[in-house]
Amino acid sequence: MNIRLFSYVISVLLSVSSFNCLAEGLDYGIVELNAQATQTVARDEMVLVLKIQQQGTNRQQVSNTVTARLNQVLATARRHDDFNTTQLTRTVEPKFEYQKDKRIDNGWQDSALLQVKSTNLSSLNKFAANVQNLAAIVAINYQVADATLQNYETKLTRQAIARFQQRAVQITHELGGHGYKVVSMSLGSSQDAHNYGAYAAPVMLSRAADSAPVQDIAAGETRLTLSINGKIQVTGLP
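Let me sum up the structure you'll find in this document. (Residues numbered from 1 in each chain as written. Predicted model: local features only at pLDDT ≥ 70, side-chain atom pairs only at ≥ 80, totals over all residues. Heavy atoms only, no water.)

For Asn34, the location among the structural elements is in strand E1 (residues 30-42). Taking the C-alpha atoms as reference points, Asn34 and Ala168, separated by 134 residues in sequence, lie 9.5 Å from one another. Excluding its chain neighbours within four sequence positions, the residues that come into contact with Asn34 are Arg167, Ile228 and Asn229. (Helix = DSSP H or I, 4+ residues; strand = E, 2+ residues; numbered from the N terminus. Contact = heavy atoms within 4.5 Å.)

What follows is the structure in structure tokens.
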């Protein structure tokens, strides 16, 4: 082997050795840890799902009836500035039955689904009662409003980071290190499943009724959890 080739081989081996030592140094003293902060929070937003539905033999009349009721419900909802109203679906489909394996069309069904959200629970409950002669209640859900959730997540983030730092200091001390560096960190939040009050079938009072009873509020609570998962590198280990 000539001197030039020998020198090249030695330089490559030294480079590989230096890289392996550097890689070992990067991985040395790496510890994974996690921390959590939790808070029980009252659900302060109500989500009301309404269904307007009509059946009949004349498609135009059926759809006109649904449209008229839908417009009345929307007009009533718009009187409340603190309501967030969304039309979820509007479908028209034929009604039929089978007689001796032959399909017999016998009419049409038009349905519209609405969602109304508000942190004014009392007002939304009264609205639900007032429009029950026009729309059936499909489901009632209570949840934490976005603004409330954001405020609590800010608070929980501070708590979780403080606990993460406390654990990092404790681990560094127990391992005999002089300090630590944060290598990576990820945050995630969660809460208990929504408390849906779904009805077995849409509830609608008789259109002849003068008024409907107002449902009592039973929003309940949920538990918010903010989690931090991360890696630290303990420095100054013996």
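After that view of the structure, there is still more to cover.
Okay, a nonpolar patch on the surface next. A surface patch of nonpolar side chains, amounting to about 260 Å² of accessible area, comprises Val182, Met185 and Leu187. Tracing the sequence through the fold places Val182 in strand E6 (residues 179-191). (Patch = residues over 30% accessible without salt bridge, like charges linked within 9 Å, V, L, I, M, F, W, Y side chains within 5 Å. Areas by Shrake-Rupley, 256 points an atom, 1.4 Å probe, with all protein chains shown as cover. Salt bridge = Lys/Arg side-chain N within 4 Å of Asp/Glu carboxyl O.)

With antiparallel pairing, the three strands of this open sheet are ordered in space as E1-E8-E6. The open sheet has two edge strands with one neighbour each: E1 and E6. Within the sheet, the average angular offset between the axes of one strand and its neighbour, ignoring direction, is 15°. The pairing of E1 with strand E8 (residues 221-235) spans 13 bridges and is antiparallel. Looking at E8, one finds that Thr40 is bridged to Arg223. Helix H4 (residues 146-175) rests against E1, E6 and E8 of the sheet, and its axis sits at about 150° to E1. (Pairing = 2+ DSSP bridges. Axes fitted to C-alpha atoms, helices over the stretch in contact; angles between N-to-C directions.)

Relative to E8, E6 is paired through twelve bridges, and the arrangement is antiparallel. By the bridge assignment, Ser190 is partnered in E8 with Thr225.

What follows concerns the packing of aromatic side chains. Going through the model one piece at a time under the given rule, you end up with one aromatic pair. With a centroid separation of 5.5 Å and 75° between ring planes, the pair formed by Phe83 and Phe127 is classed as edge-to-face. Taken as a pair, Phe83 in the loop between helix H2 (59-78) and strand E3 (84-99) and Phe127 in helix H3 (residues 121-130) lie far apart in primary sequence, 44 residues in all. When the ring centre of Trp108 is taken as origin, the NZ or CZ atom of Arg59, which lies over that ring, is 4.8 Å away. (Phe/Tyr/Trp six-rings, centres within 6.5 Å; stacked < 30°, edge-to-face > 60°. Lys NZ or Arg CZ within 6 Å of the ring centre and 35° of its normal.)

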